[in-house]
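Each chain, letter by letter, is given below.
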2 protein chains.
Amino acid sequence: MNSKLQFEGWLRTYGERSELALERLLDAANTNPARLHEAMRYAAQGGGKRIRPLLVYAAGELGDNASTETQAALDAAAAAIECIHAYSLVHDDLPCMDDDDLRRGRPTVHKAYDEATALLVGDALQTRAFEILANVQCDVNIRLEMISALASASGSRGMAGGQAIDLDSVGKKLDLAGLKQMHAMKTGALLSCSVQLGGIATQLHPSQMQHLANYSEALGLAFQIVDDVLDATADSQTLGKTAGKDAANDKPTYVTLMGLDYAKQAAKDLQETALASLESFGPKARTLKDLALLVVNRGK
Amino acid sequence: MNSKLQFEGWLRTYGERSELALERLLDAANTNPARLHEAMRYAAQGGGKRIRPLLVYAAGELGDNASTETQAALDAAAAAIECIHAYSLVHDDLPCMDDDDLRRGRPTVHKAYDEATALLVGDALQTRAFEILANVQCDVNIRLEMISALASASGSRGMAGGQAIDLDSVGKKLDLAGLKQMHAMKTGALLSCSVQLGGIATQLHPSQMQHLANYSEALGLAFQIVDDVLDATADSQTLGKTAGKDAANDKPTYVTLMGLDYAKQAAKDLQETALASLESFGPKARTLKDLALLVVNRGK
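Everything in this summary refers to the structure shown in the same document. Treat the numbers as computed from the prediction; the structure is a model and nothing was measured.

## Things to note about the packing of aromatic side chains
Residues and elements named next belong to chain A. As enumerated under the stated definition, the model contains nine aromatic pairs over all chains in all. Between Phe7 and Trp10 the ring centres are 6.3 Å apart and the planes differ by 10°, which places this aromatic pair in the stacked class. With Phe7 and Trp10 both in helix α1 (residues 4-25), this residue pair falls three residues apart, about one helical turn. Relative accessible area serves as the criterion here: at 10%, Phe7 is assigned to the buried category. Ring centres of Tyr14 and Tyr57 lie 5.1 Å apart, and the angle between their planes is 45°; on these two criteria the pair is classed as tilted. Highlighted residues: Tyr14 in helix α1 and Tyr57 in helix α3 (residues 51-59), separated in sequence by 43 residues. We classify Tyr14 as buried; its relative accessible area is 19%. On the basis of relative accessible area, Tyr57 is assigned to the buried category, the value being 2%. Following the ring pairs from residue to residue traces out a cluster consisting of Phe7, Trp10, Tyr14 and Tyr57.

## Observations concerning the packing of helix α3 (residues 51-59) of chain B against helix α15 (residues 286-296) of chain B
Residue and element names in this part refer to chain B. Between α3 and α15, the least distance of the axes is 9 Å, while the angle of their chain directions is 155°. On the basis of the axis angle, α3 is roughly antiparallel to α15. Note on element contacts: α15 touches α3 through Thr287, Leu288, Leu291 and Val295, opposite Ile51, Leu54, Leu55, Ala58 and Ala59. Residue classes in the contact of α3 with α15 are distributed as eight nonpolar, one polar and no charged.

## A short note on the interface of chain A and chain B
Taken together, the contact between chain A and chain B spans 48 residues of the former and 48 residues of the latter. With both sides pooled, the region where chain A packs onto chain B buries about 3,800 Å², and carbon together with sulfur makes up 65% of that total. At the junction of chain A with chain B, the criterion picks out four salt bridges. With its nearest N and O atoms 2.7 Å apart, the salt bridge here joins B:Arg157 to A:Glu131.

Cut-off values and rules
- Residues numbered from 1 in each chain as written.
- Chains lettered and ligands numbered in written order.
- Predicted model: local features only at pLDDT ≥ 70, side-chain atom pairs only at ≥ 80, totals over all residues.
- Heavy atoms only, no water.
- Phe/Tyr/Trp six-rings, centres within 6.5 Å; stacked < 30°, edge-to-face > 60°.
- Helix = DSSP H or I, 4+ residues; strand = E, 2+ residues; numbered from the N terminus.
- Buried < 20%, exposed > 50% of the residue type's maximum accessible area, 1.4 Å probe, protein only.
- Axes fitted to C-alpha atoms, helices over the stretch in contact; angles between N-to-C directions.
- Parallel < 35°, antiparallel > 145°, perpendicular 65-115°, else oblique.
- Contact = heavy atoms within 4.5 Å.
- Nonpolar A, V, L, I, M, F, W, Y, C, P; charged D, E, K, R; others polar.
- Buried area = accessible area lost by both parts, 1.4 Å probe.
- Salt bridge = Lys/Arg side-chain N within 4 Å of Asp/Glu carboxyl O.

None of this, on its own, says anything about what the molecule does.
Here it is as structure tokens:
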């Protein structure tokens, strides 16, 4: 792993690079219709930890990333995955879904604008994600592979499907296997896709992609368990969103199903699995390892 | 142009082919989560005139379309554009937008299922459109060009942007130029994209693509004017959706801005422009010409 100081520098550098990629690849806020484009930027540029773009860049360090084309592909992937993530948050916050007023410490898009605009903002951010990947100046096969991976991870067999299962789970006693499957789709698929995009951009071999998939599967599950732990223990100000909602809505969580202590231990175990999956990459994987530690230990 | 009988046979053949393409390229209704996938099929397979897929196939007759790959590209384009159209209808019908209970003579998706499911159905149909194009077995450059064209036409500078302008127009006195620009984005862009996809799939030259663009620009405007004329004159049963809503909502329409007679004449003139744009293609363009006549004279 990096030294703490090295990793903090990396986080700063690639956090800024994620912001720059979004700044450059979203339409300007004064593009007609200006209100929609301004709201798209409000949704996508309102902070957040940028975990998905950071995972893209970190996975991009595993392969050959020296060329300008590869770097452009990584920027496009980072911006595209964040557009998809932002769209999902905007739609998730709508009254017919989670009905949240607060996101990343600011009013949600339908509160800052209105519901219809929030609907269109999510729709158009999704479109923009695919448009960004289709138009990046890199090898055409890499572009297509990235588009296919992102669509598969975010569509009805991925993120959107997980949200549908989540909807159906309210008031039901989903068991642990059901909860895992729901989260693997709802949040895990997009996290896995982040490292997958980095691997596609740098043309990793299939066996290397498999190691990455093992890493991200463990990381995705750990991420969600930590989310539930934080939701059960932190307050709204720390979270930047309304705390304790899942429990209040009688939604099953890892904490309600496993208990708090076991959930914390499971997150630790998964962190170890994630780190072990990267052994064959040697020192090139140190940033991905640091990110796994960051994700599991966040909010403490 | 074709004889009436020939054209009716063409419509039947390619209407069925559009349905088959959707049947094959949507996920099966029992794919997990089954409720979402069933609702996606409810939204996309509930009839409709399939004008956009028909435009794809008709434009596909202008170039070299003999190969299996090109035919696969046309099927993918037909299904993808209908997925985008269906997603836009599902979201448009939601309470925060047009709040419609009836679509194509059946309950809208949020009435047949629920609002949250309708939101996810639209989201996932959009994703599926790009996934279909990314994975069709044809030349990679054709796939990327189709994805880029579809994203551009359906995103914030196209269809979604037009819907945003439409939202802002309620209660305002949008003038004719403003109304045209709104409709060029809201409905015109996707109609134009339909013929564009057919042209991309059959690798037309840039000058031929320009003729196609002229055709579809005129057709798109005519289409919307006819829509407004029908909305002002037909009843809900004939339309398969709630009639007279725009006027009731004080939204500007071509009929309110131009008057009924002038609107009808404008549609006729645009039909002539559309037909004239196709002259250089000779007899290969007869189906596209027939479709222009069908669109302008529909509902009579």
